[in-house]
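# Structural characterization, general
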Amino acid sequence: MTGRFVRSTAAPLARALLALALSAIVGAAAADEELKLTPEQAQNLGVRVTHPISSRLDKTLPYPAQLVIPTPQLWVVSAPVSGMITNLAVARGDRVAVGQPLLTMESPSFVSLQRDYLHALAQEVLAVQQLKRNADLYDGKAIPQRVLESSQAEARQASIVVAERRQMLHLSGLSDEAISRLSNEAAISTTLTVTAPRAASVVEITVSPGQRLEQAASLVKLARLSPLWAEIAIPATSIGAIKTGARVDIDGYATPGQVILVSETTDAATQTILVRAEIPNNGELHPGQMAAARIGFISAGESAWEIPYSGLVRRGDQASVFVATQGGFRLVAVTLLAEDQDHVVISGPITDKDDIATGGISALRGILARLGQ
């Protein structure tokens with residue numbers, strides 16, 4: 001963009017007369033609350049102007065975002081028993097269905113669990129048989145009631161032990177069908193197949209064949225990859241324009257998402273605030289990927305404008321720009337929506353026809369300071 005005014009190349013004599021020019025400018029400005037400048041005076045002050053550009057789709061400037069897997073969509077499959085990995089049935093990146101084998105283990109602990117279950121079953125059978133005999137004897141008045149009650153308690157305790165051992169086998173990964181087969185055939189297996197608890201993608205395998213593990217050691221990490229989170233670090237000075245529910249567009253990706261979190265804390269080192277967006281994923285986005293995200297911030301009927309960073313005037317928390325008028329410049333308050341090191345996005349009472357000062361800002365601010373504004 002080209003400016004209407006250019007920086008002065010006047011001789012040192014002209015610069016020496018600048019103080020006198022400033023005195024005249026201040027006197028004229030005091031009567032009208034605007035900076036009265038002729039084109040020649042503006043040129044001597046090094047003032048340059050440019051037209052604001054309508055901001056793309058009323059979005060922020062592109063901010064770097066990292067795509068991550070939402071924590072509720074991550075699962076860790078751990079070793080149900082101690083043992084050794086003998087085989088891996090999946091690799092990183094595979095998609096698995098519910099119940100699909102992930103890996104195979106050899107485990108003495110698993111053998112013990114099966115043996116304990118079969119022993120508990122046998123004890124339950126004996127306890128039930130003893131209870132039946134004692135019930136018949138009690139009916140024939142051959143034994144006292146306390147003996148019958150003792151047999152009832154033993155049978156109940158045996159049933160509880162069977163239920164406990166059955167649950168231990170469930171936790172080790174055996175299905176009801178496999179447990180029933182074990183009960184009927186008493187065929188103890190030395191190997192255990194670990195299966196996927198849900199349909200997901202394999203994002204990490206933390207073991208290898210031949211590795212020995214303790215119970216509960218991590219084996220495989222699974223994740224559902226849609227939607228994903230886009231985590232965006234927004235400068236604290238721009239956060240006021242971003243609200244929960246705002247639309248978020250990832251550059252190069254057609255499906256928009258929305259802001260689900262604006263953090264209440266600021267990173268002390270970077271002076272940024274975390275904004276988290278949820279993005280539906282059709283398979284084109286990948287966890288760990290860096291992307292450029294634009295966040296919606298303008299309501300219907302408003303406009304947003306992009307100007308060079310040098311055109312922004314900060315006075316405390318207030319942002320303003322110098323807008324050219326017929327006889328000089330007027331300071332106009334605006335709302336700062338987004339910024340980076342080169343540009344800012346603002347909203348306010350300006351149009352793309354206005355000339356916004358982007359050079360000589362220090363001189364214009366100096367005149368305001370002399371006016372006490």
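For clarity, every value in this text was computed on a predicted model and none was experimentally measured. (Residues numbered from 1 in each chain as written. Predicted model: local features only at pLDDT ≥ 70, side-chain atom pairs only at ≥ 80, totals over all residues. Heavy atoms only, no water.)

As a further point, take the overall build of the protein. A count of helical and extended segments in the protein gives seven helices and 23 strands. Within the protein, buried positions represent 38% of all 373 residues. If you take every contact in the protein between residues at least 6 apart in sequence, the share linking residues at least 24 apart comes to 74%. A total accessible area of about 20000 Å² is found for the protein, and carbon and sulfur atoms account for 52% of it. (Helix = DSSP H or I, 4+ residues; strand = E, 2+ residues; numbered from the N terminus. Buried < 20%, exposed > 50% of the residue type's maximum accessible area, 1.4 Å probe, protein only. Contact = heavy atoms within 4.5 Å. Areas by Shrake-Rupley, 256 points an atom, 1.4 Å probe, with all protein chains shown as cover.)

One finds Ile-232, Ile-234, Val-248, Val-275, Ile-279 and Ile-295 to be the most contacted residues of the largest nonpolar core, which totals 31 residues. Setting aside residues no more than four positions away along its own chain, Ile-279 makes contact with Pro-227, Leu-228, Ala-230, Val-248, Ile-250, Tyr-253, Thr-255, Gly-257 and Leu-285. (Core = buried A, V, L, I, M, F, W, Y, C linked by side-chain atoms within 4.5 Å.)

Below, the discussion takes up the sheet that holds strand S10 (residues 200-205). In space, the four strands of this open sheet follow the order S5-S12-S10-S7, with antiparallel pairing throughout. Each having just a single partner strand, strand S5 (74-78) and strand S7 (95-96) make up the two edges of the open sheet. As paired elements, S5 and strand S12 (residues 218-223) share five bridges and run antiparallel to each other. Within S12, the position partnered with Trp-75 by the bridge is Leu-222. (Pairing = 2+ DSSP bridges.)

Further remarks concern the packing of aromatic side chains. Applying the stated criterion to the full structure yields zero aromatic pairs. Residue placement shows Arg-276 over the ring face of Trp-229; its charged tip is 4.4 Å from the ring centre. (Phe/Tyr/Trp six-rings, centres within 6.5 Å; stacked < 30°, edge-to-face > 60°. Lys NZ or Arg CZ within 6 Å of the ring centre and 35° of its normal.)

Turning our attention to the packing of helix H4 (residues 108-139) against helix H6 (residues 176-185). Here H4 crosses H6 at 60°, and the two axes come no closer than 10 Å. Crossing of H4 over H6 shows right-handed handedness. Counting all contacts with H4, which are made through Gln-114, Tyr-117, Leu-118 and Leu-121, the residues of H6 involved are Ile-179, Leu-182 and Ser-183. Partitioning the contact of H4 with H6 into residue classes produces five nonpolar, two polar and no charged. (Axes fitted to C-alpha atoms, helices over the stretch in contact; angles between N-to-C directions. Left-handed = near helix turned anticlockwise from the far one by under 90°. Nonpolar A, V, L, I, M, F, W, Y, C, P; charged D, E, K, R; others polar.)

Another point: the pairing of strand S21 (residues 328-339). When strand S1 (residues 35-36) meets S21, the two strands line up antiparallel, connected through two bridges. What sits directly across from Leu-35, in S21, is Phe-329. Pairing between strand S20 (residues 318-325) and S21: seven bridges, direction antiparallel. Residue pairing across strands places Ala-319 opposite Val-334, the latter belonging to S21.

Another aspect to go through is the environment of Thr-191. Secondary-structure assignment places Thr-191 in strand S9 (residues 191-195). Taking C-alpha positions, Thr-191 is 8.9 Å from Pro-108, a pair spaced 83 residues apart along the chain. Once you skip the residues sitting within four places of it in the chain, Thr-191 turns out to touch Thr-104, Met-105, Glu-106 and Phe-110.

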